[in-house]
Amino acid sequence: MSGTTVVDGDFVIGGRTFASRLIVGTGKYRSNAEMVGAIRASGAEMVTVAVRRVDLDRGAEEGILHHLDPAEFFLLPNTAGCYTVADALRYARLGRAAGLSEWVKLEVIGDERTLLPDTAATIEAARQLVGEGFSVMAYTSDDLIAALRLEDAGCVAVMPLASPIGSGLGVVNPYYIREIKRRLSVPVIVDAGVGTASDACVTMEQGVDGVLMNTAIASAADPVAMARAMRLAVQAGRDAYLAGRMEAREIAVPSSPRAGMLGGV
Amino acid sequence: MRNDPDERAAVPNGSHADETPAGGLNIVLNGETRNVAQGLSVAGLLAELGVEPAMVVVEHNRRILARDRLDATPVSEADVLEVVHFVGGG
């Protein structure tokens, strides 16, 4: 390899280096074995989990800590399903009390149909949690101003959506994603909306630091195979971004030289 | 929410020395009213439920209960307890 080949830097969030730019969720899998297999195939180190009541009639083995070893994966509790600042704070504090880390994926939803975030409430909750010593990774819309406010609030990462959670629509507004990445200093991780490997690749080609997904892998016909595809796609997109793509133009330019063509017809 | 302690003492305990729920406490556990034995600690309640304390977080009357306080915290009449853990999520 040539010495000029671009080498990627470390993926660092809040002072901690992660082995993979792909972050995965643990929801919606058909079985725990399939979930663990898919997560391993994805190469992800950071893995999100939700906080819910123990089903006391079914026993506590439903808990994800029975299946995922916190020594193998960095488990990131989320506040999924919360619609108010108060609820998000409550879930974040419960997640931290489990004793794994001070980290939280903050999510305050504002609308049931689209699951779009309530960005004002997210910013308020972020300020409060940062003040309590949390390392906050904030799920948000692809709105630049909200992203800037979340950075101001002290979030360790800002995570705009590609498209609605679970929609699989891919990046609906690559320009806003690029602009958020250009304007923020903290890592920008696209969270939600990726549907298949090409979406993950396109996402990373925008120059963002990482991508977080769950449904695209868990709801694939073969989640383990899709997880591997996502690992490769994230790597490909990152490498393509770093490599610097050619300029696109709406006219053909031959790849083979005109010179040296044979004479006559 | 909480009953007066005197009222609690007045709960009929049955004339036999045996234990049963008549003399228990009513609490709200994960959103459901339950009758549990008197004199339990939160740790004791978890043990009865077959829940491993290291795998859960307990919220006791809206306050998170640190694991090292589970033993020393009694379950009282009308307590509201939430026992949560991590599940799959995105």
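Look a little higher up for the structure.
Please read all numbers here as calculations on a predicted model, not as lab measurements. (Residues numbered from 1 in each chain as written. Chains lettered and ligands numbered in written order. Predicted model: local features only at pLDDT ≥ 70, side-chain atom pairs only at ≥ 80, totals over all residues. Heavy atoms only, no water.)

Caption draft 1: The interface of chain A and chain B, seen in detail. Of the residues lining the interface, 30 residues belong to chain A; the matching set on chain B comes to 23 residues. Of all residues in chain A, Arg53, Leu56 and Arg90 of chain A give up the largest surface area on contact with chain B, accounting jointly for 28% of the area buried on that side. Counting across the interface, chain A meets chain B through 3 salt bridges. The shortest N-O distance in the salt bridge between Arg53 of chain A and Glu82 of chain B comes to 2.7 Å. Here chain A and chain B share 14 residue pairs in polar contact (both at pLDDT 80 or more) between them. Only strand S4 (46–53) and helix H2 (85–97) of chain A provide two or more residues apiece to the side of chain A that touches chain B. Summarising the sheet, S4 of chain A and strand S5 (residues 80–88) of chain B pair through 5 bridges and their orientation is antiparallel. Residue Arg52 of chain A lies in a different strand from S5 of chain B, and its bridge partner there is His85 of chain B. (Contact = heavy atoms within 4.5 Å. Buried area = accessible area lost by both parts, 1.4 Å probe. Salt bridge = Lys/Arg side-chain N within 4 Å of Asp/Glu carboxyl O. Polar contact = N/O pair within 3.5 Å; in protein donor to acceptor, adjacent residues only side chain to side chain. Helix = DSSP H or I, 4+ residues; strand = E, 2+ residues; numbered from the N terminus. Pairing = 2+ DSSP bridges.)

Caption draft 2: Main features of the packing of helix H4 (residues 144–152) of chain A against helix H5 (residues 174–183) of chain A. Residues and elements named next belong to chain A. Packing of H4 against H5 brings their axes to within 10 Å, and their N-to-C directions diverge by 30°. Considering the angle they form, H4 stands roughly parallel to H5. Remark: the crossing between H4 and H5 carries right-handed chirality. Contacts between H4 and H5 involve Leu144, Ala147, Leu148 and Glu151 from the first element and Glu179, Ile180 and Arg183 from the second. For the contact of H4 with H5, a count of residues per class yields 4 nonpolar, no polar and 3 charged. (Axes fitted to C-alpha atoms, helices over the stretch in contact; angles between N-to-C directions. Parallel < 35°, antiparallel > 145°, perpendicular 65-115°, else oblique. Left-handed = near helix turned anticlockwise from the far one by under 90°. Nonpolar A, V, L, I, M, F, W, Y, C, P; charged D, E, K, R; others polar.)

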